[in-house]
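# Commentary on secondary and tertiary structure
As a plain string of letters, each chain reads:
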Amino acid sequence: SGQTLADIKHTVFLTKEQASRPQFTNSPTMIVMVGLPARGKTYISRKLTRYLNWIGVQTQGECILYIFIYLYRDYSKEPKDCVSAVFDATNTTRERRGVIISFAKEKGYKVFFIESICDDPEIIEANIMEVKLSSPDYEDCDKEEALDDFVKRIECYKTNYVSLDEEKDRHLSYIKIFNVGSRYLVNRVQDHIQSRIVYYLMNIHVTPRSIYLSRHGESELNLLGRIGGDSGLSTQGKKYASALAEFIRNQAIKDLKVWTSHMKRTIQTAEALGVAYEQWKALNEIDAGMCEEMTYEKIQENYPEEFAMRDQDKYRYRYPKGESYEDLVHRLEPVIMELERQENVLVICHQAVMRCLLAYFLDKSADELPYLKCPLHTVLKLTPVAYGCKVESFYLNIKAVNTHRERPANVDVTRGPEEALRTVPDHF
Amino acid sequence: MSAADGSMDPCGPTPSRELTQNPLKKIWMPCKNGLPEKHISQRRVCMTNCPTLIVTVGLPARGKTYISKKLTRYLNWIGVPTKEFNVGQYRRECVKIYKSFEFFRPDNEEGLKIRKECASAALNDVRQYLTEEGGQVAVFDATNTTRERRETINRFAEQNGFKVFFVESVCEDPDVIAENIVQVKLGSPDYTHCNTEQAVEDFMKRIKCYENSYQPLDEVLDRDLSFIKIIDVGRRYLVNRVQDHIQSRIVYYLMNIHITPRSIYLCRHGESDLNVKGRIGGDSGLTFRGKEFAHYLGQFIHAQGISDLKVWTSQMKRTIQTAEALGVPYEQWKALNEIDAGVCEELMYEEIQQRYPLEFALRDQDKYRYRYPKGESYEDLVQRLEPVIMELERQENVLVICHQAVMRCLLAYFLDKSAEELPYLKCPLHTVLKLTPVAYGCKVESIYLNVDAVNTHRERPENVNVHRSAADALQTVPAHL
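Taking an unreviewed UniProt entry as the reference, chain B is identified by name as 6-phosphofructo-2-kinase/fructose-2,6-biphosphatase 4a belonging to Astyanax mexicanus.

Under the annotation held in an unreviewed UniProt entry, chain A carries the name 6-phosphofructo-2-kinase/fructose-2,6-biphosphatase 1 and is attributed to Astyanax mexicanus. Here chain A is described in UniProt, under the heading Function (unreviewed entry), as follows: "Synthesis and degradation of fructose 2,6-bisphosphate." Word for word, the UniProt comment on chain A under Sequence similarities (unreviewed entry) is "In the C-terminal section; belongs to the phosphoglycerate mutase family."

Below, the structure is given as structure tokens:
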């Protein structure tokens with residue numbers, strides 16, 4: 001038709017790393033979201049981006065960028081990492097998709113379409129209420145009127161909407177999601193990343209639920225300022241376990257699943273709840289290898305260079321014969337996948353593990369992740385809402401040591417012990 | 001105490017139970033008077049409370065048995081007890097000699113009666129497997145092409161409290177069907193007395209018998225069923241109502257497998273310094289002979305003339321050094337690292353016997369489940385390797401340069417070895433195993449590259465009792481410096 005992508009204004013969501021460096025290495029994948037308004041395109045793409053960022057897609061040399069096919073002119077909410085202007089297509093014809101595919105071919109991108117189809121009026125209404133009506137368009141409107149107006153808008157676009165067709169689009173790679181996941185049609189998955197995307201999309205749901213994250217109660221080794229190991233709970237730790245039991249009871253959660261690691265301290269904590277729990281080896285604390293059961297002072301004494309390198313890049317640093325946060329994330333991926341499938345879950349885990357899980361839910365970067373605050377004796381309640389996650393923090397009022405070590409000012413390998421140990425929290 | 005519905009007792013929690021660590025698996029469990037209490041489930045792969053019945057659907061020669069066997073092998077490997085029940089097999093037991101396609105004619109009453117009985121007998125065995133023999137998944141492999149037959153199965157499942165998941169294979173590509181027939185039908189017991197042409201002709205007529213009454217799973221009519229419809233060997237999939245974790249895993253697996261011919265090469269790193277000293281684990285480099293092996297491996301691979309070969313290593317020095325000699329790009333996987341021997345890392349078996357005689361004995365008692373203190377078990381390894389297997393399924397030609405325990409796990413997956421056999425599979429140094437999928441299984445070619453190396457294979461000794469002598473314990477330790 002002679003149109004190029006430049007003729008069609010579009011919104012490109014980049015994963016965080018790409019936003020700062022627009023050149024792409026290996027065949028990046030372009031994900032194109034298709035669907036009428038209030039079908040969850042934004043919800044899906046945000047969630048998917050969060051997941052792909054977390055598993056480190058950009059660090060594997062593959063990258064994703066999104067193009068939205070919008071059906072209305074004024075998309076006023078542009079996210080920070082957005083590069084161009086609004087994609088304005090008053091209809092999603094095959095022609096428009098053709099333009100995108102040519103553009104992709106030219107650039108050497110692979111294309112994967114995600115189409116969300118929904119004919120359940122209740123779901124659509126719920127979507128509209130949750131995310132659309134908070135837009136500036138409807139600031140001064142009555143909710144009922146706004147809903148009405150929006151539904152009418154959708155009707156206008158229905159007439160021009162052309163869904164991906166089994167026959168005509170059989171050469172494209174895509175997934176069609178029907179009615180929030182009761183059915184999927186998957187066509188021509190080309191590679192590993194598309195396969196992972198499909199698996200992820202097939203495991204997420206929108207049923208309201210809450211995820212509770214907590215560490216084990218204070219342990220004997222915590223008291224001594226030693227990292228790792230497999231010690232039992234201290235007196236305070238046991239008190240926390242009881243307090244946790246009461247807290248959970250008062251939350252009156254329907255069908256709560258409880259997960260622990262294979263380490264004694266999380267299991268002891270779960271035991272106090274008096275309900276069945278499941279042990280996951282994948283939830284074990286980060287393996288500190290040669291530094292297991294050492295105090296920071298000892299690590300500084302025996303491995304000052306290692307200690308400094310860790311402060312330089314805490315996310316990627318791997319303990320000798322141990323793990324890195326990056327390894328942890330990899331290890332936790334099946335846990336996240338199962339958390340997505342489940343509904344109400346309480347995860348009793350460890351500091352580094354909890355930081356990784358929290359980073360996934362709150363979309364924290366690799367740089368922020370290892371410094372997230374996850375103090376002992378505090379439960380975090382995460383409840384998905386709109387495009388994100390509401391966090392409520394409950395300190396159960398049982399004293400515990402602080403195990404959070406901030407990044408010191410001096411991370412140079414030549415630094416003195418005092419500078420290295422400046423941010424070490426108190427211990428016996 | 002918790003109420004039956006999982007809610008908590010309003011009167012308050014019971015005091016925490018004491019914990020004891022299972023000496024074999026190093027799992028912490030509650031105990032009373034020093035004895036382990038009723039064991040709360042630890043993480044098992046399968047999350048279903050009730051067993052699952054997988055039901056294949058499709059015309060003959062659509063790959064149902066191929067899928068059934070492969071899926072069964074995968075589920076067993078990841079630790080979900082699974083068994084397949086092939087109705088054709090039951091029919092062959094019943095009707096000793098297969099005459100012709102006429103048996104399958106829709107108007108053959110005698111034939112219909114027998115087929116129905118065979119299906120019932122199979123379902124009976126399914127019931128027994130899932131309710132009495134500890135099975136978690138049963139794969140019911142038959143055509144199941146009519147809605148009526150599927151309804152019968154649904155009722156059966158409902159009566160017994162099984163979940164049902166249908167796997168339908170739809171394919172109209174004549175080349176695929178023809179290849180199918182050549183690979184698996186011609187060798188079937190049904191056709192031993194025929195020549196190729198006769199067999200093919202008869203089989204095509206057999207397919208015709210089913211075609212008229214075939215009612216494929218339908219988006220609308222069958223919208224309340226849980227199923228995956230595989231179209232054209234994986235070009236397209238329709239997935240409906242996945243109920244739980246295990247069904248989700250099954251769908252993911254089925255969407256990653258393919259039938260493009262290819263070979264997988266498995267080998268260990270070249271002989272390492274620690275190998276020669278009889279020490280386990282560690283992260284040492286190659287010996288002179290190990291480097292020689294790497295060189296010959298490069299030559300071997302080159303001579304194989306494989307297009308687009310992917311090379312994978314672990315993140316340990318010895319596999320990377322080996323790959324380096326090939327002069328081609330390779331990918332490092334942490335998941336391919338050798339089993340972590342925890343406190344026993346870099347020890348000789350003699351030292352393990354000396355310092356940890358109890359551990360050493362426990363390991364010999366149950367080598368698959370035994371976890372080294374602060375280390376891993378073979379069972380842990382399998383879980384760690386699952387993403388590797390998944391990616392191997394997606395890929396085509398791959399050379400995996402790994403380690404003894406890791407290679408045993410991978411080999412067990414491809415050759416369908418049990419948990420008991422797995423830790424004793426022979427994976428000697430300097431030997432490449434070439435695996436090529438064929439028919440329902442895997443052809444294995446073993447190529448020794450003629451560079452001497454120490455033997456690192458320790459057989460299970462006769463005496464595995466914790467009170468055995470050091471001599472008994474060390475009887476099967478291979479020679480080293």
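So, next bit.
Let's shift gears to the UniProt feature "active site" (unreviewed entry) in chain A. Residue and element names in this part refer to chain A. Taking the UniProt record as the reference, the feature "active site" (unreviewed entry) is found at His216 and Glu285. These annotated residues cover 70 residues of sequence, and their C-alpha atoms lie no more than 10.7 Å from one another, placing them together at a single site. By secondary structure assignment, the location of His216 is in the loop between β7 (211–215) and α7 (220–223). Here the side chain of His216 touches Arg265 through a polar contact of 3.4 Å, side chain to side chain. Relative to the helices and strands, Glu285 resides in the loop between β9 (278–279) and α10 (296–302). Contact partners of Glu285, with chain neighbours within four places excluded, come to Met263, Arg265, Glu323, Arg331, His350, Gln351, Ala352 and Val353. For Glu285, the side chain forms a polar contact with the main-chain nitrogen of Gln351, separated by 3.4 Å.

Looking now at the domain arrangement of chain B. All names here are of chain B. Under the domain assignment used here, chain B contains domain 1 (52–255) and domain 2 (264–474). With 15 residues of domain 1 in contact, the opposing surface of domain 2 contributes 16 residues. Here domain 1 packs against domain 2, burying approximately 1500 Å² in sum over the two surfaces, 64% of which is carbon and sulfur. The three residues of domain 1 that bury the most area against domain 2 are Arg73, Trp77 and Val184, which together make up 49% of that side's buried surface. Between the two partners, domain 1 and domain 2, sit two salt bridges. Residue Lys70 pairs with Glu393 through a salt bridge whose shortest N-O separation is 3.0 Å. Applying the counting criterion to the domain 1 and domain 2 interface returns seven residue pairs in polar contact (both at pLDDT 80 or more). Only α1 (64–77), α5 (174–185) and α7 (245–254) provide two or more residues apiece to the side of domain 1 that touches domain 2. Top contributing element to the side of domain 1 that touches domain 2 by residue count: α1, with seven residues. When grouped by side-chain class, the residues that make up the side of domain 1 that touches domain 2 number eight nonpolar, two polar and five charged.

A word on the side chain of Glu115 of chain A. Residue and element names in this part refer to chain A. By the element assignment, Glu115 lies in strand β4 (residues 110–117). For the buried Glu115, no salt bridge exists, and the shortest N-O distance to an oppositely charged side chain is 4.1 Å, to Lys176. At a separation of 2.9 Å, a polar atom in the side chain of Glu115 contacts the side chain of Ser163. A polar contact of 3.0 Å, which involves the side chain of Glu115, links it to the backbone nitrogen of Leu164. Discounting residues that sit within four places of it in the chain, Glu115 has contacts with Val34, Tyr161, Ser163, Leu164, Ile175, Lys176 and Ile177.

For the rest of this paragraph, the subject is the sheet that holds β7 of chain A. Residues and elements named next belong to chain A. Here six strands make up an open sheet; going across it, the order is β9-β8-β10-β7-β11-β12 and the pairing mixed. Two strands in the sheet have a free side with no partner beyond their single neighbour: β9 and β12 (388–395). Across five bridges, β7 lies against strand β10 (residues 345–349) in parallel orientation. Of the residues in β10, the one forming a bridge with Ile211 is Val345.

What follows deals with the sheet that holds strand β15 (residues 441–448) of chain B. Residues and elements named next belong to chain B. The strand order β12-β11-β13-β10-β14-β15 describes an open sheet built from six strands, whose pairing is mixed. The sheet is open, and its two edges are formed by β12 (331–332) and β15, each paired on a single side. Bridge analysis of strand β11 (residues 310–313) against β12 gives two bridges, and the strand direction is parallel. Its bridge partner being in β12, Trp312 is matched across the sheet by Glu331. With respect to the sheet, helix α9 (residues 288–304) is in contact with β10 (264–268), β13 (398–402), β14 (431–438) and β15, its orientation differing from that of β10 by roughly 175°.

Right, let's get into the interface of chain A and chain B. How large an interface is tends to be reported as the accessible area lost when its parts come together. Taken together, the contacts link 49 residues of chain A with 50 residues of chain B. Between chain A and chain B lies a buried interface of about 4200 Å² when both sides are counted; carbon and sulfur atoms form 50% of it. At the boundary of chain A with chain B, the tally comes to six salt bridges. With a shortest N-O distance of 3.1 Å, Glu346 of chain B and Lys321 of chain A are connected by a salt bridge. On inspection of chain A and its partner chain B, the count reaches 18 residue pairs in polar contact (both at pLDDT 80 or more). Secondary-structure elements contributing two or more residues to the side of chain A that touches chain B are β6 (183–187), α6 (192–203), α8 (235–251), α9 (264–271), β9 and α12 (325–341) of chain A. Examining the composition of the side of chain A that touches chain B, we find that seven residues originate from one element, α6 of chain A, more than from any other. In terms of residue class, the side of chain A that touches chain B is built from 17 nonpolar, 12 polar and 20 charged. Judged from the five bridges that link them, β6 of chain A and strand β9 (residues 236–240) of chain B form a sheet pairing that is antiparallel. Each residue of the ladder has a partner; that of Arg183 of chain A, found in β9 of chain B, is Asn240 of chain B.

All names here are of chain A. Judged from the three bridges that link them, strand β8 (residues 257–260) and β10 form a sheet pairing that is parallel. The residue of β10 that forms the bridge with Lys257 is Val345. Across two bridges, β8 lies against β9 in parallel orientation. Looking at the pairing, Thr260 lines up with Gln279 of β9. Note on the crossover from β8 through α9 to β9: the handedness is right-handed.

Attention now goes to the pattern of salt bridges. Under the defined criterion, the tally for this structure stands at 49 salt bridges over all chains. With its nearest N and O atoms 4.0 Å apart, the salt bridge here joins Glu340 of chain A to Arg209 of chain A. You can see Glu340 of chain A sitting in helix α12 and its partner Arg209 of chain A sitting in the loop between α6 and β7, a full 131 residues away along the chain. We note that Glu340 of chain A, like Arg209 of chain A, is buried. Put simply, Arg91, Arg92, Asp190 and Arg206 of chain B are held in one network by salt bridges that share partners.

Another point: α9 of chain A. α9 of chain A sits mainly inside the fold: seven of its eight residues count as buried. Turning to α9 of chain A, its buried residues are Arg265, Thr266, Ile267, Gln268, Thr269, Ala270 and Glu271 of chain A. In the core, the buried residues of α9 of chain A are packed alongside α8, β8, β9 and β10 of chain A together with β1 (18–21) and β2 (28–32) of chain B.

Our next topic: the UniProt feature "active site" (unreviewed entry) in chain B. Residue and element names in this part refer to chain B. Under the local residue numbering, the UniProt record ascribes the feature "active site" (unreviewed entry) to His269 and Glu338. Residue placement: His269 occurs in the loop between β10 and α8 (273–276). In this structure His269 comes out as buried when scored by relative accessible area, which is 2%. Leaving out residues up to four positions away in the same chain, His269 has contacts with Asn275, Phe293, Arg318, Thr319, Thr322, Ile401, Cys402, His403 and Leu429. In terms of polar contacts, His269 uses its side chain to reach the side chain of Arg318, at 3.4 Å. Along the polypeptide, Glu338 turns up in the loop between β12 and α11 (349–355). Given the relative accessible area of 13%, Glu338 is considered buried. Every residue in contact with Glu338, bar those within four places of it in the chain, is listed here: Met316, Arg318, Glu376, Arg384, His403, Gln404, Ala405 and Val406. A distance of 3.1 Å separates the side chain of Glu338 from the backbone nitrogen of Ala405, its partner in a polar contact.

Residues and elements named next belong to chain B. Here Glu445 is to be found in strand β15. Given a relative accessible area of 30%, Glu445 falls into the partly exposed group. A C-alpha to C-alpha distance of 42 Å links Glu445 and Glu117, two positions 328 residues apart in sequence. Residues in contact with Glu445, not counting those within four places in the same chain, are Val432, Leu433, Lys434 and Thr436.

Calculation notes
- Residues numbered from 1 in each chain as written.
- Chains lettered and ligands numbered in written order.
- Predicted model: local features only at pLDDT ≥ 70, side-chain atom pairs only at ≥ 80, totals over all residues.
- Heavy atoms only, no water.
- UniProt positions renumbered as here; feature names shortened; annotations may be inferred.
- Helix = DSSP H or I, 4+ residues; strand = E, 2+ residues; numbered from the N terminus.
- Polar contact = N/O pair within 3.5 Å; in protein donor to acceptor, adjacent residues only side chain to side chain.
- Contact = heavy atoms within 4.5 Å.
- Domains from an automatic or database assignment.
- Buried area = accessible area lost by both parts, 1.4 Å probe.
- Salt bridge = Lys/Arg side-chain N within 4 Å of Asp/Glu carboxyl O.
- Nonpolar A, V, L, I, M, F, W, Y, C, P; charged D, E, K, R; others polar.
- Buried < 20%, exposed > 50% of the residue type's maximum accessible area, 1.4 Å probe, protein only.
- Lys, Arg positive; Asp, Glu negative; His and termini not counted.
- Pairing = 2+ DSSP bridges.
- Axes fitted to C-alpha atoms, helices over the stretch in contact; angles between N-to-C directions.
- Right-handed = clockwise from strand over helix to strand, strands pointing away.

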